[in-house]
Every structure is written in C-alpha cells, then in structure tokens.
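Close look at the chain arrangement
So the chains spell out like this:
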Amino acid sequence: MEYRLRIPIPESDVRKLKIGDIVYVTGTMVTARDQAHRRALALHKEGKPIPIDLRGGVVFHCGPVVKKKDGGWEIVAAGPTTSTRMELFQAEFIEAFRPSIIVGKGGMGPRTAEAMKKFGAVYCDFTGGAAVLAAKAVESVRGVEWFELGIPEAMWILEVKDFGPLLVTIDSHGNSHHANVAKIVEENRPKIYSMLGITSK
Amino acid sequence: MVDAKLVEDLAVDLLRLAAIELPSDVKGALEKARGQESSDIAKANLDAILENIRLAESMKRPVCQDTGLIVFFLNVGHDFGSVKGVPEAIAKGTKRATEEIPLRPNAVHPITRKNSGDNTGAYVPILNWSYVEGDYLEITAFPKGGGSENMTFFSMVKPGEGIAGIKKFVIDSVISSGGQPCPPTIIGVGVGGTADLAMKLAKKCLLRPIGQRHSDPEIAKLEEELLKAINSTGIGPMGLGGNITSLDVHVDYAHCHTASLPVAVNTQCWAARRATARIYKDGSVEILSHRR
Ligand code: SF4
C-alpha cells in the first residue's frame, strides 16, 4: 500500500502501516543524530522543553549538507545516516516525545521496535545516500536548533512536501523487515560456506 | 618546483568532481545491478540511487550528504621534482572545497568530538604517498563516507586455516555489515603484510575500477569466488533483500611473517567516489577518472 500522510500524524494512521508499505509525508520534520537525541533526552530529564513539539512528528536520522542563502539556509543534500547508532536513545526518545515516524537507514534494534509497538510509531528506510532526492522534497528550512553541535549534529527543522518514498520496515505490530531479511541471510550462510569450501566451526 | 596554487585548485576540482559525479564504471555497475534484481524493494532502491545520481549531476550537488573524511592518494613520479608545499596546498584546497562545493564538515576531534568546521585537522586531509616511475604527480581524491568506513574489519587469521580462513573472515564481515554500508558495496580485502599494511592494501584496492581483476590469476579467482558468494547472501541493496549486495570484490596481498596471516576488509558504499588527475612536470594537467 502507498500512503500520503500529513504531519502531525495521528496514532490511528500510524497503526495502519505495515512493513512493506510506502509512505510520503508532508509538513514539518526534524533531523536528529546521536547528539541531538542525547541533548533532547537530557533536557527532558531536567523537565525542560525541547524547541519543537514532536508529537505525531517525523524524525529523520540525517546530517545534511547546507548552504547559506538570502539570510536563511538551503538544504543541498540530505540522505539518511545509519540508524543503529541511535538505538542507544531511541526507545526513551519515543516514550518522551511520541513521534510517529523515525526515518533512517539500516533499521533499528529490538528495544526501538518494542517502544514502537507500545507507543504507536514506525521506522522507515529511505534509500541510503540518495541525498539529492531527499533534498528535493525540502521546501524550506524553518530553523536550526543546537547549531553549536555542528552542522551534521544540529537539529534542522524542515518543511517537506511528499518526502519519500519511505519504506516501512518496522511497524507498530512487532514486525521487522530487517529481521526477515536477516533470517534469510542466516539460512543462506551454510550454503555459502560450502560454496567457499569453509567447514564451519 | 610544483606551483602550489595549481595543486590547490586541482584539489578543489578533484573534490568537486568526486563529490558530484561518480566514475563511469560505478554508474555502469549500478545500472547493471538494477537489471539483475527481481524484488520490488530492491528495484525501488536502485531506482532511487540512479535517479539521485542523475539529479546530483544535473543540479551540481554532492551525490551523498556524507561527503566523507577527506583522503588523497598521491603518486609522485621519480622525475617529477620536488613536492615541497603540496600538503599545505591540498589542505588549503580542502578548506576551499568545503565552502565552495559545499562539502559537509565532517572532521571532528576524536575525543572532544569538536568539529573543525573545514574538513581539516590532525593528519586530515589524509595523504597516502607512493613513488612511481614517471614525470608527473598523480593525485586521487577519495572522500570516504563514515557509514561504509565503519564497516572495516581486521583479523589475524591462523595461518593453518589457510584460504578457507580468509574467505570465512570476508564473508562473515559482509554478513555482519548487512545494510549499514549502503549496499551495493565494493569490498576491499588486504591479505598479508603487517596489520597496518593489510589495512592499507584493503583500502587501496577500492581505487581499482569495478570489473578489473587482480593480475595474479589465483587472486583474480578468489575475487570472483568471493563476489559470487557475497551475492548469494540475499542482503541486497540497502540490506533490504535482493540479489546484488556487492558490485565487486578487490583483493591485494603482501608477503607476511611465517607465523601470521593478517586479513583486512574495508568497505566502500555505492557512492564510490574518486577522481584522479595528473600534473606533469611542464605544468599541464590531465583528468584521468572522468571524461571532460
Ligand atoms: S555509506 Fe556511503 S552512500 Fe551511505 S550515507 Fe554514507 S557516504 Fe552516503
């Protein structure tokens, strides 16, 4: 199935999504990598607000290439970064801020999948490295927070239109496309060992 | 003596060329891979990659937002003359390229994680020097993405395990990498030498064009066997399942101590960026990697 969703995305819409579905989103989206996750959680612990309400929002694991333009910013290239680095923070982050879609590459671990099931969120893969394709969906940069973390690690607040195709790979029902692929690869391993004359120990 | 400004300008040009336009062997291999996939998900990912490559070229933008840690390979011809001032010129070119292209500033202090802001820092840009016959200085810009560089593996395999031990280490490395290095990848394998040399060979292998086999037929056979095995894993583009996990495997070797068998694996992503040019003694410049 293909869906076009508007941010903020209500939980009832998120729960409909299944692994293998394609999603395009429109609205305000933020980028966050390791350091932005760390900072957001630290603020939350101190009972302080973060700069933007993420309820129903979309969080993109991305450190963009940016350019100054007419007193503002332009996103030049913005593909996803490897999401497993955020596994350390993601479950707590979902619980604290309740985003509906996490976008990245490579999938995430069981703790994140569990939090997605509990709080109603999904993980989507955007083709790794397809940075110009992603940047094309960014209509404007609404702002940048925590700029002192450096351009890649700062939180960029972006207005996007039909950002996608996003492939749902972890849904809110406990299914993971990555786990399914990993299973196939494991099943292939013995065959590959024998192809290569490896006696597996 | 080489004109420092010429080297600086060439460093900027090579970084721009590398960042924006993939070499034709890489583009061709990705197109071929698209034809070899059957699942919708694998095809969709390769379509996104190919569309992205076209957009990057037409919009003159970096093909991936991770414009890499800046690495150069330099081959100095014995008859070229002095290379005094070249490292400084390349560092200057790197800073300019970061602003002009622009590139993402990626170089951070390893402990404090403070970003230098201009892609330079301690030992960065990384310069790899070799000496060759000839009257030229050959410079290759090789910006290396973090996602694929993180998928680097090293093992002191037991010599008694022999070639099966090498193969197992390579295939296990690729399987454990999964989708993280943005497959379809290119796998560089360095066998033998000391630990550092094995690693260097693994990285240097990635400069070799896709489809070019090692001159030693035994090593060439090993490359082909490993490629076939890797593409039987089912990892596929982006690790989302499919037939093409790697576009090629390149192996190189060095003699090693009789007690050891070092094996290094260095991974390159589909955004396999490199750009090479020569500066001749007479000051003329020739771009080798891209047709102009
Ligand atoms: S691994 Fe390569 S293609 Fe993927 S995000 Fe990093 S640099 Fe880009």
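Residues take numbers from 1 onward in each chain, read along the sequence in its written order. As they are written, the chains are lettered A onward and the ligands numbered 1 onward, keeping that order. Predicted model: local features are reported for residues with pLDDT of at least 70 only, side-chain atom pairs are reported and counted for 80 or more only, and whole-chain, interface and lining totals are derived from all residues. Note: side-chain values were computed over all heavy atoms of the structure, leaving out hydrogens and water.

Notes on the sheet that holds strand 4 (residues 152-157) of chain B
The strands making up a sheet associate through backbone hydrogen bonding, with each pair oriented either parallel or antiparallel. Residue and element names in this part refer to chain B. In plain terms, the rule: For two strands to count as paired, DSSP must find a minimum of two bridges between them. Helix numbering and strand numbering both begin at the N terminus, where a helix is a DSSP run of H or I of at least 4 residues and a strand a DSSP run of E of at least 2. Axis lines are fitted to C-alpha atoms, over the contacting stretch for helices. Their N-to-C directions set the angle, which ranges from 0 to 180 degrees.
What the 4 strands build is an open sheet, ordered 4-7-5-6; its pairing is mixed. Edge positions in the sheet fall to strand 4 and strand 6 (246-254), since each of these pairs with one other strand and no more. Each neighbouring strand pair of the sheet contributes to a mean axis angle of 15 degrees, computed without reference to strand direction. Looking at chain direction, strand 4 and strand 7 (residues 261-268) are connected through 6 bridges and run antiparallel.

Thoughts on the domain arrangement of chain B
Residues and elements named next belong to chain B. Basically, it comes down to this: An automatic or database domain assignment is the source of the domain bounds shown. Contact definition: two residues touch when any of their heavy atoms are within 4.5 Å. Here the buried area means the combined drop in accessible surface, using a 1.4 Å probe, for two parts upon being joined, counting both sides.
The domain boundaries assigned to chain B delineate domain 1 (4-19 + 63-145 + 273-287) and domain 2 (146-268). The distance between the C-alpha centroids of domain 1 and domain 2 comes to 26 Å. Residue-level contacts link 10 residues of domain 1 with 15 residues of domain 2. Where domain 1 abuts domain 2, roughly 950 Å² becomes buried across the two surfaces, and 53% of that area is made up of carbon and sulfur atoms. The largest contributions to the domain 1 side of the interface with domain 2 come from Phe73, Lys144 and Arg274, which together make up 51% of the buried area.

Structural notes on the site of the ligand
Formally: Nearness is judged by heavy atoms alone; a residue qualifies as near a molecule or strand once a single heavy atom is within 4 Å of it. Three classes are used, and their members are as follows: Ala, Val, Leu, Ile, Met, Phe, Trp, Tyr, Cys and Pro are nonpolar, Asp, Glu, Lys and Arg are charged, and the others, Gly among them, are polar.
Around the ligand sit 14 residues in total, of which B:Cys64, B:Ser148, B:Cys182, B:Cys269 and B:Arg273 are the nearest. Around the ligand, the neighbouring residues derive from chains A and B rather than from a single chain. Classifying every residue of the shell around the ligand by side-chain character gives 6 nonpolar, 5 polar and 3 charged. Each of two domains, domain 1 (4-19 + 63-145 + 273-287) and domain 2 (146-268) of chain B, supplies a minimum of three residues to the shell around the ligand.

Overview of a negative patch on the surface
All names here are of chain B. To be explicit about the condition: Patch definition: residues above 30% relative accessible area lacking any salt bridge, with like charges linked at up to 9 Å and the nonpolar side chains Val, Leu, Ile, Met, Phe, Trp and Tyr linked at up to 5 Å. Computed with a 1.4 Å probe, the accessible areas rest on the Shrake-Rupley method; for each residue, only the protein chains presented here act as cover. A pairing counts as a salt bridge when a side-chain nitrogen of Lys or Arg comes within 4 Å of a carboxyl oxygen of Asp or Glu. We count Lys and Arg on the positive side and Asp and Glu on the negative side, and we leave His and both chain ends out. Charge positions come from single atoms, namely NZ of Lys, CZ of Arg, CG of Asp or CD of Glu. For every residue, the accessible area obtained with a 1.4 Å probe (protein chains only) is divided by the maximum for its type, and the residue is called buried under 20%, exposed over 50%, and partly exposed between those limits.
A contiguous patch of negative charge, built from Asp79, Glu133, Asp135 and Asp282, is present on the exposed surface. Within the fold, Asp135 resides in the loop between strand 2 (126-132) and strand 3 (136-141). For Asp135, a relative accessible area of 34% puts it in the partly exposed group.

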